[in-house]
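Spelled out from the first residue to the last, the chains are:
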Amino acid sequence: MGVRVNKAHGTGNDFVVFTDRDGSLDVPPETVAAVCDRHLGLGGDGLIRAVRSRDLEEGRRLLERHPDAEWFMDYRNADGSVAQMCGNGVRVFVDHLVREGLVTLPRGARLRIGTRAGVRTVARTSGGYAVDMGPWSFTRGELARERGSDCVVTAAGLTVPRPGVSIGMGNPHTVVVLSEGEKLDTLDLHTAPAVDPVPVDGTNVEFVVPLEHDDTDLGRLEMRVHERGVGETHSCGTGACAAAAATRFWGGPQSPDRWFVQVPGGVLSVTFVPAPDGTEHVVLAGPVRVVATAELV
């Protein structure tokens, strides 16, 4: 009780975010679920606690290798389960730090933050924030590269089960491209799609439709997503990265490095850039909007 929180969203992916200045606040799963309940609480796809890395075990481990990652994003799904990463949540988290005067981040400057998926670097842009989400990968490696898919997905509204590909973005994703004639709006994502083989830690499932246009230097796609521990959301940042990575792979070596991903809550920018270690990183960019400030009672 008495904790001041902000309600904010990144392209419709909404969160309740607050600061725990000394790491003393206990946030059990039932509290997270109660706060995120859209009828009995404030409502949100998840809850974000801003805590100094030194005050959290995961954060202290990161500080040993990354002493500049002062703040840690403690993110929970709406059902109270712990999540490794949230791309839209990272932008909301950093915007919260800036608005609360906890960090200074002028336009063009960069900030490193701790997450359960490792350290992420965030830059402030004219339209919001851009996050280096780190490298993407095929969860099942060569199987996906050879076949273009590694699982089968069934969902309400699909005429037949569809092949999917498993992508790692610090958290698990399964991407399904819809065939000609199938439409995103015919899907019923109130229940979780079934993925075979079943992922050990669950998975977010993205359904994508590539969009035709004349600019060969830019890819465009439309996406809907069912997030584990939440349900269907208006947007998913890591899901947009995974969807672009899969669609780019399916498109072949001539596919562009920059993509616009249309989600129900807006548009996200996804850019693939080579890293010094030989991996390919994904940069996610998009807006943040704070809609309310409240005090829990």
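Cut-offs and rules
- Residues numbered from 1 in each chain as written.
- Predicted model: local features only at pLDDT ≥ 70, side-chain atom pairs only at ≥ 80, totals over all residues.
- Heavy atoms only, no water.
- UniProt positions renumbered as here; feature names shortened; annotations may be inferred.
- 1 Å grid on protein atoms, 1.4 Å probe; cavity = no way out; pocket = protein on both sides within 12 Å on 5 of 7 lines; lining within 4 Å.
- Helix = DSSP H or I, 4+ residues; strand = E, 2+ residues; numbered from the N terminus.
- Contact = heavy atoms within 4.5 Å.
- Phe/Tyr/Trp six-rings, centres within 6.5 Å; stacked < 30°, edge-to-face > 60°.
- Buried < 20%, exposed > 50% of the residue type's maximum accessible area, 1.4 Å probe, protein only.
- Lys NZ or Arg CZ within 6 Å of the ring centre and 35° of its normal.
- Salt bridge = Lys/Arg side-chain N within 4 Å of Asp/Glu carboxyl O.

Asks: How should I be thinking about the UniProt feature "active site" (unreviewed entry) in the protein in this particular structure?
Replies: With numbering matched to this structure, UniProt assigns "active site" (unreviewed entry) to Cys86 and Cys236. For this annotated set, covering 151 residues, all C-alpha atoms fall within 7.5 Å of each other, a compact arrangement in space. Of the annotated positions named here, the largest cavity is lined by Cys86. With respect to the helices and strands, Cys86 occurs in the loop between β4 (71-77) and α3 (87-99). The contact partners of Cys86, leaving out residues within four places of it in the chain, are Asn13, Phe15, Met73, Tyr75 and Thr238. Relative to the helices and strands, Cys236 resides in the loop between β15 (231-233) and α5 (237-251). Excluding residues within four positions of it along the chain, Cys236 makes contact with Asn13, Asn88, His173, Glu206, Met223, Val225, Glu227 and Leu268.

Asks: It is not clear to me how the packing of aromatic side chains should be interpreted in this structure. Could you clarify?
Replies: Two numbers describe a pair of aromatic rings. These are the distance of the centres and the angle of the planes. Tallying each qualifying case throughout the model produces three aromatic pairs. Judged by centre distance (5.1 Å) and plane angle (80°), the ring pair of Trp136 and Phe138 falls under edge-to-face. What makes Trp136 buried here is its relative accessible area of 14%. With a centroid separation of 4.9 Å and 70° between ring planes, the pair formed by Phe138 and Phe249 is classed as edge-to-face. Taken together, the positions of Phe138 in strand β8 (residues 137-138) and Phe249 in helix α5 put the pair 111 residues apart, joining distant regions of the chain. Of the residues examined, Phe138 reaches a relative accessible area of 9% and is grouped as buried. Overall, the relative accessible area of 27% leaves Phe249 in the partly exposed class. Taken together, Trp136, Phe138 and Phe249 form an aromatic cluster joined through their ring pairs. Here the basic side chain of Arg248 rests over the ring of Phe272, its NZ or CZ set 4.3 Å away from the ring centre.

Asks: Quick question: what am I supposed to make of the pattern of salt bridges here?
Replies: For side chains bearing opposite charge, pairing can occur when the charged atoms are close. Here the structure, examined in full by the defined rule, presents 17 salt bridges. When the shortest N-O distance is used, the salt bridge between Arg4 and Glu100 registers 2.6 Å. Placement of the pair is Arg4 in strand β1 (residues 4-10) and Glu100 in the loop between α3 and β5 (110-115), with a sequence separation of 96 residues. Beyond isolated ion pairs, a larger network of salt bridges with shared partners links Asp20, Arg49, Glu58, Asp74, Arg76 and Arg116.

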